[in-house]
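Structural description and commentary
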Amino acid sequence: MSDEKTRCTRCILPADYPNVSFDADGVCRVCREHDVRYGSIDWEARERTLGRILDRYRGRGLKYDCMVPFSGGKDSTFTLWTIKNRYGMNPLAFNFDNGFLDSDALSVVKKSCRKLGVDLYTYTPDTGLLNRVYRRALEQTGEFCSACVVLMPTAIFRAADIHGIRLIVAGFSDELEAPPRETSYMDRTCFWNIMKGGFSRKELKWDFFFPSWKRMFGVKQINLPDYIRWDLPMIYETLNRELDFGRSMASVRYDCLGTPHSSYLFSRRTGFGKYEYLYSNMVRAGVISREEALRIVAEREPKEPPEGFDDFLAGMGTDRSILDGIEKKSVFNFRTRPGLIRNIAIRIREMLP
Ligand SMILES: [Zn+2]
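Residues numbered from 1 in each chain as written. Predicted model: local features only at pLDDT ≥ 70, side-chain atom pairs only at ≥ 80, totals over all residues.

1. What about the overall build of the protein?
A count of helices and strands for the protein gives 16 helices and five strands. In summary, the protein has a C-alpha radius of gyration of 20 Å against a globular reference of 20 Å for 353 residues, a match within 12%. Its C-alpha atoms put the protein at 55 × 50 × 40 Å along the principal axes. Counting every position in the protein, which comprises 353 residues, the buried fraction comes to 33%. The long-range share in the protein, meaning contacts at least 24 apart out of those at least 6 apart in sequence, stands at 76%. (Helix = DSSP H or I, 4+ residues; strand = E, 2+ residues; numbered from the N terminus. Rg over C-alpha atoms; globule rule 2.2 N^0.38 Å. Buried ≥ 20, exposed ≤ 12 C-beta atoms within 10 Å, placed from the backbone. Contact = placed C-beta atoms within 7 Å.)

Spelled out as structure tokens, the structure:
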């Protein structure tokens, strides 16, 4: 890799990452924060807490004990397997198709549910509406992922609500997947400020807004990687043995078909790419080596528009002219929900038994 950038000596974050600083050994702030957060977790205690939470919800739903959002990737597949086979819950698997799932993942979804004996519920919103939302987000903010950041949790909540399910168990790993807070932010006030003018509130209500705080507070959501050690070699081994998963550590990747395009747009605005922070996360968590991450980033990080970029834009009903002035656009230009209200809402949901 002809890589001129100064990077963290442990992960691969570049010096142009926001608010990054390096210590005397060249280790970045994010790595140091990671060690504080994940260094001394008592996993046995966490697992006991998980057991207590699941006990509380087992046998309580109309039919299902909980719902597992299920994309067919390794994390959600392992979550579904664990909940069903290790903890004896009766989960509903929920597959949400935002139009960016690859067909491989969809076949894993069907096959795994069949093998596990789990009911599958799929929701595919009208792609015409979604494409208008993605286009509007791209035009206003220079990116489109924020639309899914709002859409996904809403769809997940709606699916649970419809089925009388009070517990959602997701496989989202904060350690591996969370975008840097310095570069992305989203809440529903901010989202509406981006969308208004292009949509009526009613058009977006079902798919992008929660019904009411009261109903929201009746559904608890947990992420399994917060409670059990997310040991990827063990996860792949289990899935291949139990569910004929057919993938290995070598194929570890991010599943959304939009990622190459969003990474390119991201680097146009910030100077560094999404793969740089995504694979930094993996290095930090010990999933892949630093050398391998650098190789993957060099291979995948698009400096030019990625293959299929024009078709991707055409799918949203637009073309490259939408990128005019993208360097100045950002979600941070739109008013957000006051931090205090947001924090109180998050606290209340976390306090659910
Ligand atoms: Zn680092």
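What follows picks up the thread again.
2. A closer look at the nonpolar core
Counting residues in each nonpolar core, the largest one holds 56 residues, and the members touching the most others are Cys66, Met67, Val68 and Phe94. With nine residues, helix α6 (residues 145-162) is the largest single contributor of residues to this core. Each of domain 1 (43-230 + 337-351) and domain 2 (231-328) gives at least three residues to this core. Setting aside residues no more than four positions away along its own chain, methionine 67 makes contact with Pro91, Leu92, Phe94, Ala159, Ala160, His163, Ile165 and Ile168. Counting 17 residues, the second largest nonpolar core, distinct from the first, contains Leu13, Cys31, Val283 and Ala293. (Core = buried A, V, L, I, M, F, W, Y, C linked by C-beta atoms within 7 Å. Domains from an automatic or database assignment.)

3. Some remarks on α6
Each α-helix winds once per 3.6 residues, and so residues spaced three or four apart point in a common direction. Between the first and last C-alpha of α6 there are 26 Å, a value that for 18 residues agrees with the 26 Å anticipated at 1.5 Å per step. Cys145, Ser146, Ala147, Cys148, Val150, Leu151, Ala155, Ile156, Ala159 and Ala160 are the residues of α6 that are buried. Just beyond α6, the residue with positive phi is glycine 164, at close to 65 degrees. (Expected span 1.5 Å × (residues − 1).)

4. Section: the domain arrangement of the protein
On domain assignment, one finds that the protein holds domain 1 (43-230 + 337-351) and domain 2 (231-328). Computed from C-alpha coordinates alone, the two centres of domain 1 and domain 2 are separated by 20 Å. At the junction of the two partners, domain 1 supplies 27 residues and domain 2 supplies 29 residues. Examining the composition of the side of domain 1 that touches domain 2, we find that five residues originate from one element, helix α5 (residues 127-141), more than from any other. Considering only residue class, the side of domain 1 that touches domain 2 consists of twelve nonpolar, seven polar and eight charged. (Nonpolar A, V, L, I, M, F, W, Y, C, P; charged D, E, K, R; others polar.)

5. A short note on the pairing of strand β3 (residues 119-123)
Bridge count between strand β2 (residues 91-96) and β3: five bridges; the pairing is parallel. Bridge assignment links phenylalanine 96 to a residue of β3, and that residue is tyrosine 123. In this fold, β2 hands off to helix α4 (residues 103-116), which returns the chain to β3; that crossover is right-handed. (Pairing = 2+ DSSP bridges. Right-handed = clockwise from strand over helix to strand, strands pointing away.)

6. A look at the environment of isoleucine 326
Locating isoleucine 326 in the fold gives a position in the loop between α15 (309-315) and α16 (339-351). Overall, isoleucine 326 belongs to the partly exposed group, with 16 C-beta atoms counted inside 10 Å. Distance from isoleucine 326 to arginine 337, taken between C-alpha atoms, is 24 Å for residues eleven residues apart in sequence. Apart from the residues within four sequence positions on either side, isoleucine 326 is in contact with Gly142, Leu265, Arg268 and Arg269.

7. Comments concerning the pairing of strand β1 (residues 66-69)
Every second residue of β1 is oriented toward a common face, with Cys66 and Val68 on one face and Met67 and Pro69 on the other, all of them buried. Across four bridges, β1 lies against β2 in parallel orientation. Across the sheet, cysteine 66 pairs through a bridge with proline 91, a residue of β2. The handedness of the β1 to β2 crossover, carried by helix α3 (residues 74-86), is right-handed.

8. Points about the environment of tyrosine 275
As for its position among the elements, tyrosine 275 is in helix α13 (residues 274-284). On a C-alpha basis, the gap between tyrosine 275 and leucine 294 in space is 9.8 Å, while along the polypeptide they are 19 residues apart. When neighbours within four sequence positions are excluded, tyrosine 275 is seen to be in contact with Ser263, Ile296, Val297, Arg300 and Glu301.

9. A closer look at unusual backbone geometry
You will see that asparagine 19, though not glycine, has its phi angle at about 50 degrees, which is positive. Assignment of secondary structure puts asparagine 19 in the segment before α1 (29-38). A positive phi angle, near 55 degrees, is found at aspartate 244, a position not held by glycine. Checked against the element boundaries, aspartate 244 lands in the loop between α11 (232-243) and α12 (259-270).

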